Amino acid sequence: KPSKQSHSRGAPMNWAQLTPSRSLCFTAFLLAFVAGCKTSKQTAKSIEQPIAVNSIETIDYDSAQVQVKITGDLIGDGVLDLDTLVFYTDDQCAGSEAGSQLVSEFKNNGAVISIPVDKDVGIYVSTQKSSQCLFVQNYLASANTPQAPQFRATAPASPTRSTNAPGVFGIAFPLTSTVQFYSDSDCTTLVGSGQGRDFKDVGIQVTLPANQTTSIFSKITDSLGISSRCVELTQFTHSTDFIANPTFISTNVSSPSNSETSIFVVGGAPLEADLIYIYNDNACSNELGVGTATQFASTGIPVTIQENSINYLYGKAVSSNDTPSNCALLTQFIHDSLPPANPVFVAADPASPTRMTNFPKFNWNCIF
C-alpha cells in the first residue's frame, strides 16, 4: 500500500490531508521517532495519538474474545462526521476489522471492538476515507469472571392472579452467559434458565409454585463454565385466593328517596381489605365509587345512582397485595321523584243509582 506523508508532533493531525504517495522515501527526526522508507505497506504511526482515550470497558466476553467499549476524543482536524473509524489489532490495519463506528456516533457513544483474550495487543485505527494506520494504545484483555445478575422487573408484576410462570428481566454480564433461576438461596432448585441477551431484552420465564410467595434466586454461568455467586433477585407472589366479602350497613341518604342521587354507602370491611369498590352490576365491572376500608366503615363511600330507578349496589374488597373478594350484593336503593299516576275508578257498591244508602263504597285502581 502507498505510504502516508508524515506529520510533525506539536501541530494537530489533519486527517483529511493524509493523502497517499506512490514512492516517497523520507527521514524525519521527531523526538526519538525515526520514520524509514515505505513503498509497499502502511505502518502504524505513533507520532500523533489519533484518539485521547477516556475509557476502555469490558462489556462482553467468551473463551476466545473480549468485547470492549472504547470512548475518547478525536485529536486533530479534518475527520468528517460521516466518515467511519475502523479499528484493528495489527499495525498494518490490513487484517480483520476489530470494530467500526461512524465518527459522529463515536463522539457520543464510543465504539465496541473485539480483541483476543489474554493477549497484550495494540489497538489501531484508520478511516474509510484514509488508508493511514494510527496507533491508539496497547490493551491486555482478560476473560473476567461473570458478575451476579441484576434484577429489573417481572412480567406480570407481582402480586398477580394471572400466572405463576412470569418472565424475569434484568442485566447479565457477559451477555453470552446462561442465567439460571432457583427457588432456594443455595441455587440448587432450578425454576428456569435462559441466555443473558434474553434476560435483558425479552425476559426469561420461570415456573413457580402456585398460590404462594416465592423468593427468586439467580446466578450466571459463562461460556468457560465459571459461575457467579448466587443472589436473591426478588420475591414473586401468585394468589388465586379470595378474601371475605364486604357487608352492608346503611346508606346516607336512606332509601327510598325522591331527592338525592348522590349518596354514601356504609358497610363492614374484612380485616384484609385495603380498598372497597362499589358497582351497579353483578359482575362488578361498572364501577360507581371506591374508597378505603376505613372510609367504608365510617363516613361511607360516595356514589351516584340513577334517578327514578331501582339501583342494585354490589361491592368488592381488595387487599394490599391485590387479592380480591367475590362480587357481593350489598343493597338496593330506590330513587323516585315522579308523582304517582291518577287512580282509576273500578266500581261503586251499591251501584248508582240507588235508594239504599248515601254512603256507597268506591273501588279504585292505584298505580305506584
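Keep in mind it's a predicted model, so treat the numbers as computed, not measured. Per chain, residues are indexed from 1 in the order of the written sequence. Side-chain atom pairs in this predicted model are given and counted only at pLDDT of 80 or more, local residue features only at pLDDT of at least 70, and totals for whole chains, interfaces and linings cover all residues. By convention in this description, side-chain values take in all heavy atoms of the structure and omit both hydrogens and water.

(A) Structural detail: the packing of aromatic side chains. Two rings from Phe, Tyr or Trp (for Trp, the six-membered ring) form a pair when their centres are within 6.5 Å of each other. A pair whose planes differ by under 30 degrees is stacked, one over 60 is edge-to-face, and the rest are tilted. Evaluation of the coordinates by the stated rule reveals 7 aromatic pairs. Aromatic pair F87 and F106: ring centres 6.2 Å apart, planes at 40°, arrangement tilted. You can see F87 sitting in strand β7 (residues 84-88) and its partner F106 sitting in helix α1 (residues 103-109), a full 19 residues away along the chain. To sort residues, take the accessible area from a 1.4 Å probe on protein chains only and compare it with the maximum for the residue type: under 20% means buried, over 50% means exposed, and anything in between is partly exposed. Overall, the relative accessible area of 0% leaves F87 in the buried class. By the ring-pair criterion, three or more aromatic residues cluster together here, those being F345, F362 and W364. Here, a charge over a ring is recorded when the distance from Lys NZ or Arg CZ to the ring centre is within 6 Å and its angle to the ring normal is within 35 degrees. Geometry around F242 places R161 over its ring, the cationic atom sitting 4.6 Å from the centre. A run of H or I in DSSP becomes a helix once it reaches four residues, and a run of E becomes a strand once it reaches two; helices and strands are each numbered from the N terminus.

(B) Representation of the pairing of strand β21 (residues 273-279) in the model. The element β21 is largely enclosed, with a buried count of 5 among its 7 residues. At least two DSSP bridges between two strands are required for those strands to pair. Relative to strand β24 (residues 309-319), β21 is paired through 6 bridges, and the arrangement is antiparallel. In the sheet register, L275 faces β24, and the bridge partner there is V318. One ladder, built from 5 bridges, connects β21 with strand β22 (residues 287-292); its direction is antiparallel. Bridge pairing in β22 links Y279 to E287.

(C) The arrangement of the side chain of T214 in detail. The residue T214 is located in strand β17 (residues 212-221) in this model. You can call T214 buried: its relative accessible area is 5%. In what follows, residue pairs with any heavy atoms lying within 4.5 Å of each other are defined as contacts. Those residues in contact with T214, other than ones at most four positions away along the chain, are S183, L208, P209, T234, Q235 and F236.

(D) Quick peek at the pattern of salt bridges. One side-chain nitrogen of Lys or Arg within 4 Å of one carboxyl oxygen of Asp or Glu is enough to make a salt bridge. Here the structure, examined in full by the defined rule, presents 1 salt bridge. A salt bridge links D60 to R197, with the shortest nitrogen-to-oxygen separation between them at 3.6 Å. Taken together, the residues span a long stretch of sequence, with D60 in strand β5 (residues 51-61) and R197 in helix α2 (residues 196-201) at a distance of 137 residues. Overall, R197 belongs to the partly exposed group, its relative accessible area being 40%.

(E) Representation of the sheet that holds strand β9 (residues 111-116) in the model. Taking strand neighbours across the sheet as the criterion, the 3 strands line up as β5-β6-β9 in an open arrangement whose pairing is antiparallel. Each edge of the sheet is formed by a strand with only one pairing partner; in this case those strands are β5 and β9. If you compare each strand with its neighbour and ignore which way they point, the axes differ by 35° on average. Here 6 bridges tie strand β6 (residues 65-74) to β9, and the two strands are oriented antiparallel to one another. Bridge pairing in β9 places V66 opposite I115. For helices, the axis comes from a line fit to the C-alpha atoms of the stretch in contact; other axes are also lines fit to C-alpha atoms, and the angle between any two N-to-C directions lies between 0 and 180 degrees.

(F) Representation of the sheet that holds strand β8 (residues 99-102) in the model. Sheet architecture is open: 4 strands sit in the order β8-β7-β10-β11, paired in antiparallel fashion. Every interior strand has two partners, whereas the edge strands, β8 and β11 (130-141), have only one. Averaged over all neighbouring strand pairs, the angle between strand axes comes to 20°, with direction disregarded. Strand direction decides the pairing type here: β7 and strand β10 (residues 119-127), joined by 4 bridges, are antiparallel. For L85, the partnering residue across the bridge sits in β10 and is T127.

(G) Highlighting the state of the cysteines. Any two cysteine sulfur atoms within 2.5 Å of one another count as a disulfide. What the rule picks out here adds up to 3 disulfides. Covalently, C93 is tied to C133 through a disulfide, its sulfur atoms 2.0 Å apart. Judged by the sign of its S-S torsion, about 70°, the bond between C93 and C133 is right-handed. Taken as a pair, C93 in the loop between β7 and β8 and C133 in strand β11 lie far apart in primary sequence, 40 residues in all. By relative accessible area, C133 is classed as buried at 1%. Sulfur-sulfur distance for the disulfide between C284 and C327 comes to 1.8 Å. Looking along the S-S bond of the C284-C327 disulfide, the torsion reads about 85°, which is the right-handed sense. One end of the pair, C284, is in the loop between β21 and β22; the other, C327, is in the loop between β24 and β25 (328-335), and 43 residues separate them in sequence.

(H) Just a nonpolar patch on the surface, in detail. A patch consists of residues exposed above 30% relative accessible area that lack any salt bridge, with like charges linked at up to 9 Å and nonpolar side chains (Val, Leu, Ile, Met, Phe, Trp, Tyr) linked at up to 5 Å. Computed with the Shrake-Rupley method and a 1.4 Å probe, the accessible areas treat only the protein chains shown as cover for residues. A cluster of nonpolar side chains, namely I310, Y312 and L329, defines an oily patch on the protein surface of about 300 Å² accessible area. Tracing the backbone through its elements, the reader meets Y312 in strand β24.

(I) Quick look at the environment of Q332. With respect to the helices and strands, Q332 occurs in strand β25. With relative accessibility at 38%, the residue Q332 sits in the partly exposed group. As a C-alpha pair, Q332 and N280 span 52 residues in sequence and 9.6 Å in three-dimensional space. In this structure Q332 touches S255, I310, N311 and Y312, once residues within four positions along its chain are discounted.

Fair warning: the whole summary comes from geometry, so function is off the table for now.
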